[in-house]
Every structure is written in C-alpha cells, then in structure tokens.
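Structural features, examined
Listed here are the chains, written in short residue letters.
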Amino acid sequence: MAPTTPWLEIVVPARNEHRRLPTGLARLCSAAATLPPGVAVIVVDSASTDDTGEIARRWPPGDVRVSLVRINEPGKGAAVRAGVLATSARYVGFCDADMATDPAAIPVAVGFLRAGYPVVLGSRSHPESDVEDRHTVIRRVGATAFRAATRVLVPGVGDTQCGFKFFDGAIVRAAAARLRVTGFAFDVELIARCVQLGATPVEIPVRWQDVGGSTFSIWRHSASSFAELAVAWRALRLRPAAPDPLLSGWTADPPAAKLGRL
Ligand SMILES: Nc1nc2c(ncn2[C@@H]2O[C@H](COP(=O)(O)OP(=O)(O)O)[C@@H](O)[C@H]2O)c(=O)[nH]1
Ligand SMILES: [Mg+2]
C-alpha cells in the first residue's frame, strides 16, 4: 500500500480529454510507479462536457493514487493553479493529459529536485531533447514569436510552454497562490514568480511527440496568450514576491545543471 501522505503529487489539467486521458493516465501512472511509493496524481477537470472527470474518478486503485478536483473556471492556468493549491507534498509537478512529453523523464526531474534544484522544466529546446513536432507552420511561427516575447519575463528559459514541470512544493504553492494568468500562458508567470521567490530554473531534456487532439486553438488562444503575457508583466510588477529563504533549502544557483545533466 502507498503511504497516505504522498511525497510527490502530479497535477494533470484536463478539459474534454475523454479520448486522450485514459492512455495518458496509464502512461503517467506506470512511469510514476517506478518511483518509491507515495506518488499521487490529481486530475483537474474544468467543466468538461464529456466524461473526463468520470475517467479520473473511476480510475482503479493501484500503486499511484488518482484523484479528481473539479472547478468551474475555464483555462489551463486556472486548472493547474487549483491543482497545485490542493497539494501538500514535498514535490509537485504537472503534466498535460496527452503525455506529449514522455513521462519517463519524471525520475530524472525527481533526481534534480532531490539534489536541491527547486524548479525543473522539461524543455524542447534543450540540445539533448528528442522532439517530433507535427504542428502546423502557422503554430510554429506563433510559438517562435511567443518565445521571443517571454524573454522579457523569464530571461534564459528556452521553453516555457512544455507541459512538463516539477517543483519544490513550497515554492510552487507560493507562486501559484499569486498567479493571475488563467490561460495557456500561465507557465510564464508561474516560472517568473518562482524566480522572484529566489529559485533558479533548470531545463532538462525530454522526448516530446505531438499528440493529435490539442485543446489549443490558434484562432481562439493565440491573441489571448499574448495578452496574458501583458497581464503577467503587470501582475509581477504590482504584486512581486520577495525571496523567501524560509520556504526551502534549495540550491539557489545551479550553473552546473543548466544543461540538465546530473
Ligand atoms: N482543466 C482544464 N484543462 C485544460 C484547459 N485547457 C487546456 N487544458 C489542458 O491543458 C493541457 C494542454 O495540452 P494540449 O491540449 O495538448 O495543448 P498543446 O499541447 O499546447 O497543443 C491538456 O491536458 C488540456 O486538457 C481548461 O480550460 N481546463
Ligand atoms: Mg499537447
């Protein structure tokens, strides 16, 4: 039996993921089961019109406990925020329901957390990443422009949008509590807030394979994602967080790990 208090909780935001969630959760749970017992998954469903929530609620008990949080507010950022704030574990991560990032990287991310690195980001721009990108040209152009815009808020981070991030739990809960951006650009604000709290992010290589059925619509979400960067910029200036050395005993400056090797 898994211990009642998990040491690692993984949040999976999911909206209308009836098709991708069963495979995604199965892959996530089997990767998590390779870790020491005490890993739990929290699926956050916001107002799906399919049975996404039921898939999570009826997930069979196993080595990795799966639970469901339901919220009404739409947006990936709102879902991850709610999931993170529902955690109490020492370490907290989040992954997309499609598991486009191979969850085999989870033990690597955990290795970095255990070594004292508080913010571990899966990165498709890492030179050792293996990326199979089938996105349309227009989405790729948009992503390049978005990446350039993120540099103002999180200089030095090559990929803010990979749906695979792991954190010291205390830091990410403090950052999520202040989060203003509720949509797809929330990652940028979340990372910037962790940096404000005194953490230095490290990017690790991932295997990333596009999975069809994306919930991101170029027409509906592109403009709002850029607008969200402006919201984040304003919010970070109006409500900055002072570095808090009491949050954790993390490694504040890990230059040796910049390339994601341990
Ligand atoms: N709960 C919740 N999850 C969302 C919402 N929008 C997107 N997501 C989830 O966020 C993740 C985004 O990944 P995906 O749709 O694959 O987008 P892409 O990889 O950027 O094309 C998926 O797990 C989605 O189900 C939302 O409004 N609510
Ligand atoms: Mg995806």
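Described in the following lines is the structure provided in the data block. Bear in mind that the values here come from a model prediction, so they are computed numbers and not experimental data. (Residues numbered from 1 in each chain as written. Chains lettered and ligands numbered in written order. Predicted model: local features only at pLDDT ≥ 70, side-chain atom pairs only at ≥ 80, totals over all residues. Heavy atoms only, no water.)

**Looking at the site of ligand 1**
This is how the line gets drawn: What makes a residue near a molecule or strand is one non-hydrogen atom of that residue sitting within 4 Å of it. By the criterion applied in these results, polar contacts are pairs of N or O atoms within 3.5 Å in which, for protein atoms, one can donate a hydrogen and the other can accept it, and in which residues neighboring in sequence qualify only through two side-chain atoms. Per-residue accessibility takes into account occlusion by the displayed protein chains alone, with areas from the Shrake-Rupley method and a 1.4 Å probe. Numbered from the N terminus, helices here are DSSP runs of H or I no shorter than four residues, and strands are runs of E no shorter than two. Gly is put with the polar residues, along with every residue not named as nonpolar or charged; the nonpolar set is Ala, Val, Leu, Ile, Met, Phe, Trp, Tyr, Cys and Pro, and the charged set is Asp, Glu, Lys and Arg.
Contacts to ligand 1 come from 19 residues, most closely from Glu17, Ser46, Gly75, Ser214 and Thr215. Separating an oxygen atom of ligand 1 from a backbone N or O atom of Gly75 is a distance of 2.7 Å. Within the side chain of Ser214, an N or O atom sits 2.4 Å from an oxygen atom of ligand 1. The fraction of the free accessible surface of ligand 1 (580 Å²) that becomes covered by protein chains is 93%. Mapped by element, the contributors of at least two residues to the shell around ligand 1 are strand 1 (8–14), strand 2 (39–46) and helix 3 (76–85). The residue makeup of the shell around ligand 1, split by class, is eight nonpolar, four polar and seven charged.

**As for the pairing of strand 5 (residues 119–123)**
The test is simple: In this scheme, a residue with accessible area under 20% of its type's maximum is buried, one over 50% is exposed, and one in between is partly exposed, where area comes from a 1.4 Å probe on protein chains only. Following DSSP output, two strands are said to pair if at least two bridges run between them.
With five of five residues buried, strand 5 is to be regarded as a mostly interior element. By the alternation rule, side chains of strand 5 split into Val119, Leu121 and Ser123 and Val120 and Gly122, which are all buried. As paired elements, strand 5 and strand 8 (residues 202–205) share four bridges and run parallel to each other. Its bridge partner being in strand 8, Leu121 is matched across the sheet by Glu203.

**A word on the sheet that holds strand 2**
Selection criterion: To define axes, lines are fitted to C-alpha atoms, for helices over the stretch in contact only, and angles between the resulting N-to-C directions are given on a 0 to 180 degree scale. Here, residues are in contact when the closest pair of their heavy atoms is within 4.5 Å.
Taken together, seven strands build an open sheet; the order of strands is 3-2-1-4-7-5-8 and the sheet is mixed. Edge positions in the sheet fall to strand 3 (65–71) and strand 8, since each has one partner strand and no second. Between one strand axis and the next, the sheet turns through 20 degrees on average, direction left out of account. By the bridge criterion, five bridges tie strand 4 (residues 91–95) to strand 7 (residues 164–168) in an arrangement that is antiparallel. Residue pairing for strand 7: Cys95 is matched across the bridge by Phe164. Those strands touched by helix 3 are strand 1, strand 2, strand 3 and strand 4, and its axis lies near 155 degrees from that of strand 1.

**With respect to the packing of aromatic side chains**
In this description, a pair of aromatic rings is defined by centroid distance and the angle of the planes. Keep this limit in mind: Note on aromatic contacts: the rings of Phe and Tyr and the six-membered ring of Trp form a pair at centre separations within 6.5 Å, being stacked when their planes are under 30 degrees apart, edge-to-face when over 60 apart, and tilted otherwise.
With the rule as written, the count across this model stands at seven aromatic pairs. Relative to Tyr91, the ring of Trp7 has its centre 6.3 Å away and its plane inclined at 90 degrees; by these criteria the two rings are edge-to-face. With Trp7 in the segment before strand 1 and Tyr91 in strand 4, this residue pair connects regions lying 84 residues apart in the sequence. What makes Trp7 buried here is its relative accessible area of 16%.

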